[in-house]
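Observations on the model geometry
What follows is each chain in one-letter form.
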Amino acid sequence: MPKSAIRSLSVKNKWQKTKWLMADPALRPLVPETKPFSREALGEMTRRYRMVYFKPTGGTGGGGIARIERTPAGRFRVKKDLKTSVEASIASLFHRLKRISRGKSYLLQKGIELQKAGGKPFDLRVMVQKSLQNRWVPTVMFVKVGKPGKVVTNYHQGGKLETVERALARAGHPPAGIRRYKRRLRTLGMRTARCFGRHSPRFRELGLDVALDRGGRLWILEVNTRPGYSALKSLPNKRLYRTVTRYGRNYGRR
């Protein structure tokens, strides 16, 4: 680790980070509607959207997340891990979610219908990191392909990593379209880095979780300030892992 290295600031509170994104005029349209969990917010979100995600404010690795889907009959299907329950009313749904939260702070977020690669939903991770010259660089991007039956795509929840090129090709995108998405993702990463940099100069790395919906639109699901990247070793080509760790050594990541 260089003697001058300064460790990257880590902010665990997802609501704080979401508020930063929503305050940025260029990024706000790319953030799915998100609200702190309450009885009132639950009613509003489930009326507005057919699918809503219930996320711990301070969670990592996809743990503790539940998906709420409104059925045609007006009931609510709640799925967490591999378990599903059906609630008949907002009141019973609220109590069910309270049991899941166990007194911890949670958020409600509009659900995004993800595109699929080989029949499996996926989202994208974009990494931006500081160079030795203290400049932001979009270093790597990859895809997390979800395990069938799981609520989230995270590697530690059974998901698999793929390159952007392979996953988007399997989703039906032509080479020119894949190149356009990669440019957009790099731009999105740099805009987010500038946004977070306005709140503190101590950020050295960010990992954006980005959804690609079925209409082709990109959404920022959340921003990780201490993104894990050991799972990149699971890819046959270790180039992405070597790149991200090389930059990480600049600010003390091992």
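Everything numeric in this text was worked out from a predicted model, so none of it was measured. (Residues numbered from 1 in each chain as written. Predicted model: local features only at pLDDT ≥ 70, side-chain atom pairs only at ≥ 80, totals over all residues. Heavy atoms only, no water.)

A short note on the packing of helix H1 (residues 14-22) against helix H5 (residues 175-197)
Note the threshold: Axis definition: a line fitted to C-alpha atoms, over the contacting stretch in the case of helices. Angles run 0 to 180 degrees between N-to-C directions. Helix and strand definitions follow DSSP, with helices as H or I runs of at least four residues and strands as E runs of at least two, each counted in order from the N terminus. The labels follow the angle: roughly parallel below 35 degrees, roughly antiparallel above 145, roughly perpendicular from 65 to 115, and oblique for the rest. The contact criterion used throughout is that any non-hydrogen atoms of two residues lie within 4.5 Å. Each residue receives one of three labels: charged for Asp, Glu, Lys and Arg, nonpolar for Ala, Val, Leu, Ile, Met, Phe, Trp, Tyr, Cys and Pro, and polar for the others, Gly being one of them.
Running from amino to carboxyl end, H1 crosses H5 at an angle of 110°, the nearest separation of the two axes being 10 Å. If you check the angle between H1 and H5, you find them roughly perpendicular. Residues Lys 17, Trp 20 and Leu 21 of H1 touch H5, and the partners they reach there are Thr 192, Cys 195 and Phe 196. Among the residues making up the contact of H1 with H5, the classes are represented as four nonpolar, one polar and one charged.

Topic: the packing of aromatic side chains
Rules: Any pair of Phe, Tyr and Trp rings, taking the six-membered ring for Trp, is counted once the centres come within 6.5 Å. Such a pair is stacked with planes under 30 degrees apart, edge-to-face with planes over 60 apart, and tilted for the rest. Buried residues are those whose accessible area, probed at 1.4 Å on protein chains only, stays under 20% of the maximum for their type, while exposed residues exceed 50% and partly exposed ones sit between those limits.
Summed over the entire model, instances satisfying the criterion amount to six aromatic pairs. Consider the rings of Trp 20 and Phe 196, whose centres lie 5.1 Å apart with planes at 90°: the pair is edge-to-face. Of this pair, Trp 20 sits in helix H1 while Phe 196 sits in helix H5; the two residues are 176 residues apart in sequence, bridging distant segments of the chain. Pair check on accessibility: Trp 20 and Phe 196 agree, each one buried. For the ring pair Trp 20 and Phe 203, a centre distance of 6.0 Å and an interplane angle of 75° mean the geometry is edge-to-face. Taken together, the residues span a long stretch of sequence, with Trp 20 in helix H1 and Phe 203 in the loop between H5 and strand E11 (205-212) at a distance of 183 residues.

Considering the side chain of Thr 139
Formally: Any pair of nitrogen or oxygen atoms within 3.5 Å is treated as a polar contact; in protein, a donor-acceptor pairing is required on top of that, and neighbouring residues in sequence qualify only through side-chain atoms on both sides.
Looking at the secondary structure, you find Thr 139 in strand E9 (residues 136-145). By relative accessible area, Thr 139 is classed as buried at 16%. Side chain to side chain, Thr 139 and Gln 129 meet in a polar contact 2.6 Å long. Excluding residues within four positions of it along the chain, Thr 139 makes contact with Met 127, Val 128, Gln 129, Thr 243 and Tyr 247.

Some points on H1
Spacing of three or four residues puts side chains on the same side of an α-helix, whose turn is 3.6 residues. All of the buried residues in H1 are Lys 14, Lys 17, Thr 18, Trp 20, Leu 21 and Met 22. Of the surrounding elements, those touching the buried residues of H1 are strand E1 (34-36), strand E2 (51-56), strand E6 (106-110), H5 and strand E12 (218-224). Regarding H1, its N-cap is Asn 13, as a side-chain oxygen of that residue lies 2.9 Å from the backbone nitrogen of Trp 15 further along.

Remarks on the layout of surface pockets
Selection criterion: A cavity here means a set of points on a 1 Å grid, drawn over the protein atoms and nothing else, where a 1.4 Å probe fits but cannot get out; a pocket is an open set with protein on both sides within 12 Å along at least five of seven lines, and a residue lines either one if it has an atom within 4 Å of a point. Grid points are joined across faces, edges and corners, and a volume is the space filled by probe spheres set on the points.
What the second largest pocket holds in volume is close to 250 Å³. The wall of the second largest pocket is formed by 16 residues, among which Met 141, Glu 165, Lys 182, Arg 239 and Leu 240 lie closest to the centre. If you list the elements that add at least two residues to the lining of the second largest pocket, you get strand E8 (120-130), E9, helix H4 (164-170), H5 and helix H6 (239-248). Of the residues forming the lining of the second largest pocket, the biggest block, four residues, is contributed by E9. For the lining of the second largest pocket, a count of residues per class yields nine nonpolar, three polar and four charged.

A look at H5
Spelled out, the test is: What a helix should span is 1.5 Å times the count of its residues minus one.
In this model H5 runs 33 Å from its N-terminal to its C-terminal C-alpha over 23 residues, within 8% of the 33 Å that 1.5 Å per residue would give. Inspection of H5 places Gly 177, Ile 178, Tyr 181, Leu 185, Leu 188, Gly 189, Thr 192, Ala 193, Cys 195 and Phe 196 among the buried residues, and these make up the whole buried set. Each element contacted by the buried residues of H5 is listed here: H1, E8, E9, H4, E11 and E12.

Digging into the sheet that holds strand E3 (residues 66-70)
As a reminder, the rule being used: Pairs of strands are assigned from DSSP output, requiring at least two bridges between the strands.
The strand order E1-E6-E2-E3-E4-E5 describes an open sheet built from six strands, whose pairing is antiparallel. Only two strands of the sheet have a single partner each, and these edge strands are E1 and strand E5 (83-87). The sheet shows a mean angle of 20° between the axes of neighbouring strands, taken without regard to direction. Relative to E3, E2 runs antiparallel, the two sharing four bridges. What sits directly across from Val 52, in E3, is Ile 68.

Let's talk about the pairing of E8
Counting buried residues in E8 gives nine out of eleven residues, a clear majority hidden from the surface. Between strand E7 (residues 116-117) and E8, which pair antiparallel in sequence order, lie two residues; one of them, Gly 118, sits at a positive phi of approximately 60°. Sheet topology places E8 next to E9; nine bridges connect them, and they run antiparallel. Of the residues in E9, the one forming a bridge with Val 128 is Pro 138. Two successive antiparallel strands, E8 and E9, enclose a turn made up of five residues, where Asn 134 displays a positive phi of approximately 65°. Where E8 and E11 come together, six bridges link them in antiparallel fashion. The partner of Leu 124 across the bridge, within E11, is Val 210.

Notes on the environment of Thr 57
Summarising the element assignment, Thr 57 is placed in the loop between E2 and E3. Put simply, Thr 57 and Phe 37 are 20 residues apart on the chain and 9.5 Å apart in space, counted from C-alpha to C-alpha. Not counting chain neighbours up to four residues away, the residues in contact with Thr 57 comprise Lys 12, Asn 13, Lys 14, Trp 15, Ser 105, Tyr 106 and Leu 107. Within the structure, Thr 57 has its side chain in polar contact with the side chain of Ser 105 (distance 2.8 Å).

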